[in-house]
Amino acid sequence: MKIILQKLNDHIQTTKMGNRVKEIVTNPETWIRLAIMIIKVIVLVFDCITWPLYYYTQKPWAVKNAETKRRCRSVSGKPEGPYRHEISFSPLKLVISEEVNTLYELFKMLSIQYPGEVCLGTREQLGEEDEVQPNGKVFKKFILGSYNWDTFQDVVIRIKNFSRGLRSLIPNATNETNVVLFAETRAEWIIAALSCFRYNIPIVTLYATLGEEAIIHGINETEATVVITSHELLPKFKNLLEKIPGVKHIIYMEGFKNPSLAGFPTQADIYTFNAVEKLGKDATKYNGRTPASRNDVAIIMYTSGSTGLPKGVVISHNNLLASLASFTRYVNVKPGDLYMAYLPLAHVLELSSEFLCLMNGVPIGYSSPLTISDNSSKIKKGTQGDATILKPTFMTSVPLILDRMYKTVMEVVNAGGSFSKQFFQFAYDYKRSALKRGYTTPILDLVLFRKIKNLLGGRLRIMVTGGAPVSPDTHEFIRICFCCPLLQGYGLTETTACATVMDLEDSSVGRVGPPMMCCDILLEDWVEGGYRVTDKPHPRGELLIGGENVTLGYYNLPEKTNEEFFVRDGRRWFRSGDIGEMFRDGTVKIIDRKKDLVKLQFGEYVSLGKVESELKTVSVVENVCVYADSSQSYTVALITPNLKALAQLGVKLGIQGKTVEELCDDVEVENEVLKMLQVQGKKGGLQNFEIPTKVRLIPETWLPDSGLVTAAYKLKRKNIQDHYQDEIDHMYANKNPGP
């Protein structure tokens, strides 16, 4: 009997083992893991064989030495500084040319240097077409043609014609006559600005996405009589004109479909941009002009207004030239490059980037966020986006766009199956390890990452970002997958975009580089927030920026100007409100913002902006606002979800057939999103008290027209709090945080 039982048991065990082996053999994941393992072995053998070649051709030791070199030092020798770039340690002055006092004079010089070279390019729109989506919705798509280019000589002629035509409309204009530029980024924006500079007429810049209240405020405060806008934005003025009684002339840039002028009030004459150019071309008598001096006002640049109505920052010609001279020392653009422009020219970073390119004879091709790639929302299926046609080598971006690029690539990777995901992760980790050791990966770039790089034309070699902090994960991802340096900079409208910027040899993430050559950086204690210049291992404090890039102040706000600007030892300084940490190699890390810091119930400080920057990398998050109540011990978050990722999450949880609103209200979905945030928060090094323990999904998209975000898509915290106070109260009503 024992023998029979033993044989029966052996048979059962053998059968179980056989089934287990069969299960393993027939499981696709087994073969995928085996394939990845074989690939790793092959790569390891290849690395061992080719190591001497790579070591002596790529010189990783030189790369690592360049990364760790000292980039700035304290002028005073004290931990608070002021800190100055090593190269410009003495003297602190940059000049493009002694003969150049304005950007117009600079461009005139460039038109002589590069007369026949292409300068500004605009893509022709041939038509529009309705495209039915799988869900039945109808989206309007553009039918686009090729790019039409003006040479440097063409552009300078257009500037002369438009400036004469403009001057004929306002013959008594002086350097106190303001002209408003309220338009999307396009070639005519640059032509209009340079035309005003030619006659020493200051321009007032307003974001094209500003709400009506902010538009009225900017125009009335500056007492502008002329508004230059676009055909898309012109209809806004049908209802606005009676609220801006000082406006007598409106000039609009033409497009594919020009608006009807029927029903417009008669208080203002309306002209097309081409009509004003023709007016100047046909003029037989030219009004004399007084060239601007360096200290004259060039721009009154209105901010996006994250804390209330936008403030007008007064920027002189000298500020612009000092900033531009400094940028040329960092961003190595050269003939043969091409810049794709799509960020608002009302943002000082975009304005500086475009003139940086023009200074070096680099042409600018104009695009928009809706037409950049083949998959952009306004590109007709089967046609090419702007990047595919232009093949840019240089771009400027902002964290919001970079986060979307990151999520778009990961959506494609995750949709490709288990092998694709695992192979991509192996390749990503391999390249990250190689870069940290000072090597490049040309074969891997050619085989895998070239496909991602081709999303932006395939030739990109430099990207610059600013406007807000980039999360380290996104920074690293863009650098690896798009095979080009991502230089993060730090600056403000009040400092003409200049303060710090990374150089091409700096491979760190999360930092913003050393002080630029036109300015000094000073650290000042912020005792309330717990930041001091004596902190170890690195000095920390509020960043004060001083130099010729620091602007003249705020328009018609003397008290606010005196509060945030000051003069010390003959140099103008600005209090940024941002908290920085100065590393030993002379690079700065932005670690906090005074306005974003909240103290919790038990004394912990939470930097709302830092937390949001980290959480925005989660695939389901389109935008996030973290809220902290000082009487509570934890934070909560309001999230506008990425609709595609939200639907995929619903499918994963077995929830189908629900609307966006129903998914946002679903407790299971909400809890899953919270878990995703907590995982990313811990991965990004956030403290437990910083990571939200309650979330609320908001089905509405936050757009500038809603008043919840600025024209630059920065959060208007007070507005968001007021709008969603009931949701915030509900999240704090449960005294036991967490799902």
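Residues numbered from 1 in each chain as written. Predicted model: local features only at pLDDT ≥ 70, side-chain atom pairs only at ≥ 80, totals over all residues. Heavy atoms only, no water.

- If you look the protein up in an unreviewed UniProt entry, it shows as long-chain-fatty-acid--CoA ligase from Strigamia maritima.
- Database annotation for the protein, UniProt heading Sequence similarities (unreviewed entry): "Belongs to the ATP-dependent AMP-binding enzyme family."
- Here the protein is described in UniProt, under the heading Catalytic activity (unreviewed entry), as follows: "a long-chain fatty acid + ATP + CoA = a long-chain fatty acyl-CoA + AMP + diphosphate". (UniProt positions renumbered as here; feature names shortened; annotations may be inferred.)

## A word on the domain arrangement of the protein
1) Next: Here the protein is partitioned into domain 1 (1-58), domain 2 (103-366) and domain 3 (597-733).
2) Next: Taking only C-alpha atoms into account, the centre of domain 2 sits 37 Å from that of domain 3. (Domains from an automatic or database assignment.)

## Examining the state of the cysteines
1) Next: Summed over the entire model, instances satisfying the criterion amount to zero disulfides.
2) Next: Sulfur of Cys357: no disulfide; nearest cysteine sulfur belongs to Cys119 and is 10 Å away. (Disulfide = S-S within 2.5 Å.)

## A word on the environment of Thr561
1) Next: Here Thr561 lies in helix α17 (residues 558-564).
2) Next: You can call Thr561 buried: its relative accessible area is 10%.
3) Next: For the pair Thr561 and Ile215, spaced 346 residues apart in sequence, the C-alpha separation works out to 22 Å.
4) Next: Leaving out residues up to four positions away in the same chain, Thr561 has contacts with Leu552, Gly553, Tyr554 and Arg572.
5) Next: Within the structure, the side chain of Thr561 is placed 2.9 Å from the backbone nitrogen of Tyr554, a separation counted as a polar contact. (Helix = DSSP H or I, 4+ residues; strand = E, 2+ residues; numbered from the N terminus. Buried < 20%, exposed > 50% of the residue type's maximum accessible area, 1.4 Å probe, protein only. Contact = heavy atoms within 4.5 Å. Polar contact = N/O pair within 3.5 Å; in protein donor to acceptor, adjacent residues only side chain to side chain.)

## Some details on the sheet that holds strand β28 (residues 694-697)
1) Next: Pairing in this open sheet of three strands is mixed, and the strands run β26-β27-β28 from one edge to the other. On the outer flanks of this sheet lie β26 (621-628) and β28, each paired with one strand and no other. Averaged over all pairs of adjacent strands, the angle between strand axes in this sheet comes to 25°, irrespective of strand direction.
2) Next: Of the pairings in the sheet, the one linking strand β27 (residues 635-641) to β28 comprises four bridges and is parallel in character. For Ala637, the partnering residue across the bridge sits in β28 and is Val695.
3) Next: Seen against the sheet, helix α21 (residues 667-683) touches β26, β27 and β28 and runs at an angle of roughly 125° to β28. (Pairing = 2+ DSSP bridges. Axes fitted to C-alpha atoms, helices over the stretch in contact; angles between N-to-C directions.)

## Let's talk about empty space enclosed by the protein
1) Next: Tallied over the full model, the rule gives five cavities of 30 Å³ or more.
2) Next: Residue lining of the largest cavity: Leu103, Leu320, Ser323, Leu324, Leu351, Ser352 and Phe355, and that is the complete set.
3) Next: When residues of the lining of the largest cavity are traced back to their parent elements, those giving at least two are α10 (317-327) and α11 (348-359).
4) Next: Looking at side-chain class alone, the lining of the largest cavity contains five nonpolar, two polar and no charged residues. (1 Å grid on protein atoms, 1.4 Å probe; cavity = no way out; pocket = protein on both sides within 12 Å on 5 of 7 lines; lining within 4 Å. Points joined across faces, edges and corners; volume = space filled by probe spheres on them. Nonpolar A, V, L, I, M, F, W, Y, C, P; charged D, E, K, R; others polar.)

## Some words on the UniProt feature "transmembrane region" (unreviewed entry) in the protein
1) Next: According to UniProt, the positions carrying the feature "transmembrane region" (unreviewed entry) are residues 30-54.
2) Next: Annotated as 100% helix and 0% strand, the span residues 30-54 places its first and last C-alpha atoms 34 Å apart.

## Examining the sheet that holds strand β15 (residues 462-465)
1) Next: In space, the eight strands of this open sheet follow the order β4-β3-β13-β12-β14-β15-β16-β17, with mixed pairing throughout. Strands with a single pairing partner mark the edges of an open sheet, and in this sheet they are β4 (138-151) and β17 (500-501).
2) Next: Across 12 bridges, strand β3 (residues 118-132) lies against β4 in antiparallel orientation. Among the inter-strand pairings, Glu128 is bridged to a residue of β4, identified as Phe142.
3) Next: Where helix α5 (residues 152-169) meets the sheet, its contacts fall on β3 and β4, and the angle it forms with β4 comes to roughly 100°.

## Thoughts on the layout of surface pockets
1) Next: Each pocket or cavity is described by its volume, and for the second largest pocket that value is around 920 Å³.
2) Next: Contributing elements (two or more residues each) for the lining of the second largest pocket: α13 (399-414), α14 (418-436), α16 (472-481), α19 (643-652) and α21.

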